[in-house]
Amino acid sequence: MKKLLILASMMFVFGGCSESEHGVDPNDGKIAVSFSLPAIGVESSAGSASVASLDTRAGKPVPFDENVTVRIVAYKRTGPLADLSSDSYVDEATYIAVKEGSQIVLKPCTMSFDADTGRIDPSGIKTEGASPLRLMAGTYDFYAITPALALEKDATDGSTLAVPAKVSVHHGDDFASSLTGEVEVLSDGSVRQPDPANVGSKKTQTGGKVELIILDRKCSRIEFNVVRNTETAFDKLEIVSAKMTKMTKSPIVLSTILDEIYDKGASAGGSYVADNSAGFDFPTSAFTKNPDKETGMDTDFPYKWLVASPILPKKEDKYGITIGIRLGNDAGTAQEAELRTTDDKIGALAFLPDTRYTFWLKLKGNGIQLVLTIGNWESVDSWEDPDGIGGYPLTYVIIGTWDNVIEWTDDTDIGGFLRPEFTDGKWDWVPNQSWDSDLGVYIEELTASGIVDWDTSGWTNTDKNIGE
């Protein structure tokens with residue numbers, strides 16, 4: 001599938017050097033190289049994808065975010081094809097996205113890593129004194145990864161890089177990688193690289209600028225949200241915590257930096273993720289107030305929270321969800337409670353790369369329904385409410401319902417709006433008994449409407465790797 005997101009009017013440039021700084025350095029003979037990044041998506045063909053060949057039917061053009069970090073690693077080939085197990089490592093540099101005027105420019109940066117977790121320390125990212133990648137004239141393969149995770153060291157000596165280059169990816173990392181191959185860095189400061197628009201030919205780029213191909217996104221995106229009903233005080237519901245169980249164990253070490261995290265099958269060369277034993281608590285950074293009316297939420301309400309995080313993809317399996325919620329009222333008081341599913345009473349589901357899964361809490365009588373929508377990474381669900389009785393997206397699938405959670409109180413004794421309150425006692429989780437068939441129909445609807453571009457022809461539900 002080709003769910004690839006491209007820029008409509010912006011070009012992203014790696015490197016903070018002016019044109020006058022490009023060319024041969026008289027001191028060491030090296031040439032400053034910068035990089036333009038056209039897109040981030042999924043499943044490009046290494047060394048061949050380009051802006052001209054991108055399929056954007058199912059996604060919106062989305063700018064590369066500020067403060068995103070990227071690591072560029074240069075290799076020289078030892079054979080006719082790129083091979084990280086035998087090619088020669090040359091050098092690497094890291095960059096961070098900074099907005100300058102109408103462009104997003106990725107400036108060279110230095111960074112530090114947390115000693116305990118090995119993850120990037122945001123406070124340690126500095127652009128002062130950082131240098132772009134500088135290389136001798138020659139032909140190189142450029143590997144790009146985002147975020148700029150550190151490459152793994154050799155397990156034996158602990159100082160040199162592992163061969164082939166490896167990287168550890170955690171839940172929370174929006175990880176993507178690509179290979180831009182057979183790029184000639186010329187002694188006059190220009191570069192020549194394969195031209196995707198003219199197969200078999202090369203194009204020359206002045207100023208030492210390399211056009212990187214698409215970075216393949218390897219991770220999934222999970223969101224939690226609330227369907228609002230403007231006729232009640234249910235808008236006062238806030239999600240305060242979220243946890244999932246039976247998820248992919250984090251971190252996972254990719255055997256090469258181009259590997260897929262999710263199992264794409266042996267014929268496609270994918271890496272199989274077998275360990276779904278881990279839990280994942282969504283961190284505080286995943287909870288953000290969302291002012292975007294495209295989500296179908298009226299921002300005049302006080303509790304408009306979206307919970308979202310990249311996660312490691314997961315093979316098809318059962319899973320569990322625990323959602324902490326707070327229900328406020330006009331008097332300023334609030335009740336808190338936890339909604340829990342059980343992994344033995346929920347339909348199996350896989351989380352696929354470059355795909356967004358949104359779990360919605362939807363009021364249903366005295367219960368709260370758990371509803372799932374699936375879409376492309378940057379797409380947004382629209383919940384219309386034309387009749388004031390609760391909204392619905394274009395298509396969705398019901399996972400289950402917590403019964404007897406809400407009771408409605410009318411303190412005025414003369415009618416008017418009812419106030420929802422949590423009931424006491426055990427809340428029963430009732431899974432959707434027709435999950436298998438409902439999910440199959442839902443996937444077909446998504447594909448037919450162009451919301452996703454999965455080819456489901458001839459697949460069984462299990463073959464789809466989405467749900468059993």
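Residues numbered from 1 in each chain as written. Predicted model: local features only at pLDDT ≥ 70, side-chain atom pairs only at ≥ 80, totals over all residues. Heavy atoms only, no water.

1. Notes on the overall build of the chain
Under the convention used in this document: Helix and strand definitions follow DSSP, with helices as H or I runs of at least four residues and strands as E runs of at least two, each counted in order from the N terminus. Type-normalised accessible area, obtained with a 1.4 Å probe on protein chains alone, sets the label of each residue: buried when under 20%, exposed when over 50%, and partly exposed for intermediate values. In what follows, a contact means two residues having at least one pair of non-hydrogen atoms within 4.5 Å.
Counting its secondary structure elements, the chain contains 1 helix and 32 strands. Scored against the burial criterion, the 468 residues of the chain give a buried share of 51%. By sequence separation, contacts in the chain at least 24 residues apart represent 70% of the contacts at least 6 residues apart.

2. Points about the nonpolar core
The line we're drawing: Residues belong to a common nonpolar core when they are buried Ala, Val, Leu, Ile, Met, Phe, Trp, Tyr or Cys residues joined through side-chain atoms within 4.5 Å.
Counting 48 residues, the largest nonpolar core has Phe224, Met244, Phe282, Phe359 and Leu361 as the members making the most contacts within it. Tyr75, Ile120, Val167 and Phe175 belong to the second-largest nonpolar core, a separate cluster that totals 25 residues.

3. What about the pairing of strand S6 (residues 88-100)?
The test is simple: Only when DSSP finds a minimum of two bridges between them are two strands counted as paired.
Sheet analysis places strand S5 (residues 69-76) next to S6, joined by 8 bridges and oriented antiparallel. Considered in S6, the bridge of Val70 is made with Tyr95. Alignment of S6 against strand S7 (residues 103-113), held across 7 bridges, turns out to be antiparallel. The residue of S7 that forms the bridge with Tyr95 is Pro108. Linkage of S6 to S7, two consecutive antiparallel strands, is achieved through a turn of 2 residues, within which Gly101 is found at a positive phi near 65°.

4. Details of unusual backbone geometry
Note the cis peptide between Thr146 and Pro147, where omega equals -5°. Of the consecutive residues Val163 and Pro164, the connecting peptide bond is found in the cis state with omega at -5°. The residue Pro164 is located in the loop between strand S10 (138-146) and strand S11 (167-169) in this model. You will see that Glu182, though not glycine, has its phi angle at about 55°, which is positive. You can see Glu182 is positioned in strand S12 (residues 176-185). Positioned with a positive phi, Lys246 is a non-glycine residue whose angle comes to about 55°. With respect to the helices and strands, the residue Lys246 is situated in strand S18 (residues 237-247).

5. Regarding the pattern of salt bridges
To be explicit about the condition: By definition, a salt bridge exists where a carboxyl oxygen of Asp or Glu is found within 4 Å of a side-chain nitrogen of Lys or Arg.
Throughout the structure, instances matching the rule amount to 15 salt bridges. With a shortest N-O distance of 2.8 Å, Arg119 and Asp173 are connected by a salt bridge. Linking Arg119 in the loop between S7 and strand S8 (120-126) with Asp173 in the loop between S11 and S12, this pair joins segments that are 54 residues apart in sequence. Take Asp173: its relative accessible area is 7%, and that puts it in the buried class. One salt bridge in this structure joins Glu223 and Arg221, with 2.7 Å as the shortest N-O distance. Neither Glu223 nor Arg221 differs from the other in exposure class; each is buried. Within the structure, one salt-bridge network assembled from shared partners comprises Arg77, Asp141 and Glu182.

6. Focus on the side chain of Asn432
How we decide: Under this definition, polar contacts are N or O atom pairs within 3.5 Å; protein pairs additionally need one hydrogen-donor-capable and one acceptor-capable atom, and for neighbouring residues in sequence, both atoms have to be side-chain atoms.
As for its position among the elements, Asn432 is in the loop between strand S32 (428-431) and helix H1 (435-449). Given the relative accessible area of 18%, Asn432 is considered buried. At 3.0 Å, the side chain of Asn432 and the backbone nitrogen of Ser434 are in polar contact.

7. Side note on the packing of aromatic side chains
Under the convention used in this document: Between the rings of Phe, Tyr and Trp (Trp by its six-membered ring), a pair exists once the centres lie within 6.5 Å; its type follows the angle of the planes, with under 30 degrees stacked, over 60 edge-to-face, and the other angles tilted. Comment: the charge-over-ring label is applied if NZ (Lys) or CZ (Arg) is within 6 Å of the ring centre and within 35 degrees of the ring normal.
The tally for this structure, following the rule as stated, stands at 12 aromatic pairs. Judged by centre distance (5.0 Å) and plane angle (75°), the ring pair of Phe35 and Phe142 falls under edge-to-face. Of this pair, Phe35 sits in strand S3 (residues 31-37) while Phe142 sits in strand S10, and the two are 107 residues apart along the sequence. The two residues Phe35 and Phe142 agree in class, both being buried. Geometrically, the ring pair formed by Trp402 and Trp429 is tilted, given 4.8 Å between the ring centres and 50° between the ring planes. Here Trp402, found in strand S29 (residues 397-403), pairs with Trp429, found in strand S32; they are 27 residues apart in sequence, far enough to count as distant. In this pair, the class of Trp402 matches that of Trp429, namely buried. Through a chain of ring-to-ring contacts, the aromatic side chains of Phe224, Phe280, Phe282, Tyr319, Phe351, Tyr357 and Phe359 assemble into a single cluster. Across from the ring centre of Trp377, 3.9 Å away, lies the NZ or CZ of Arg217, which sits over that ring.

8. Re the environment of Ile399
With respect to the helices and strands, the residue Ile399 is situated in strand S29. Judged by its relative accessible area of 2%, Ile399 is buried. Each C-alpha atom of the pair Ile399 and Asn432 lies 5.4 Å from the other, and the pair is 33 residues apart in sequence. Contact partners of Ile399, with chain neighbours within four places excluded, come to Tyr319, Ile346, Phe359, Leu370, Leu372, Trp429, Pro431, Asn432 and Trp435.

9. Quick notes on the confidence of the model for the chain
What counts, and what does not: The pLDDT value expresses, per residue, how confident the predictor is, ranging between 0 and 100.
Per-residue confidence for the chain gives a mean pLDDT of 75, with 69% of residues at or over 70. Ignoring residues within four places in sequence, the model shows residues 1-21, a span with pLDDT below 50, making 90 contacts including any to other chains. With pLDDT under 50 throughout, residues 384-392 is counted as low confidence; its partners more than four residues away or in other chains account for 17 contacts.

10. Section: H1
Selection rule: A helix is expected to span 1.5 Å for every residue after the first. To be clear, the arc concerns the directions from the helix axis to the C-beta atoms.
Taking 1.5 Å of rise per residue, 15 residues should cover 21 Å, and H1 covers 21 Å from first to last C-alpha, within 8% of that figure. Along H1, the residues that are buried comprise Trp435, Leu439, Gly440, Tyr442, Ile443 and Leu446. When H1 is viewed along its axis, its buried side chains cluster within an angular range of 165° and face the same direction. Check the buried side of H1 and you find it contacts strand S26 (349-351), strand S28 (367-376) and S29.

11. A closer look at the side chain of Glu184
Following the sequence through the fold, Glu184 ends up in strand S12. There is a polar contact of 2.8 Å between the side chain of Glu184 and the side chain of Lys202. Not counting chain neighbours up to four residues away, the residues in contact with Glu184 comprise Gly138, Thr139, Ser190, Val191, Arg192 and Lys202.

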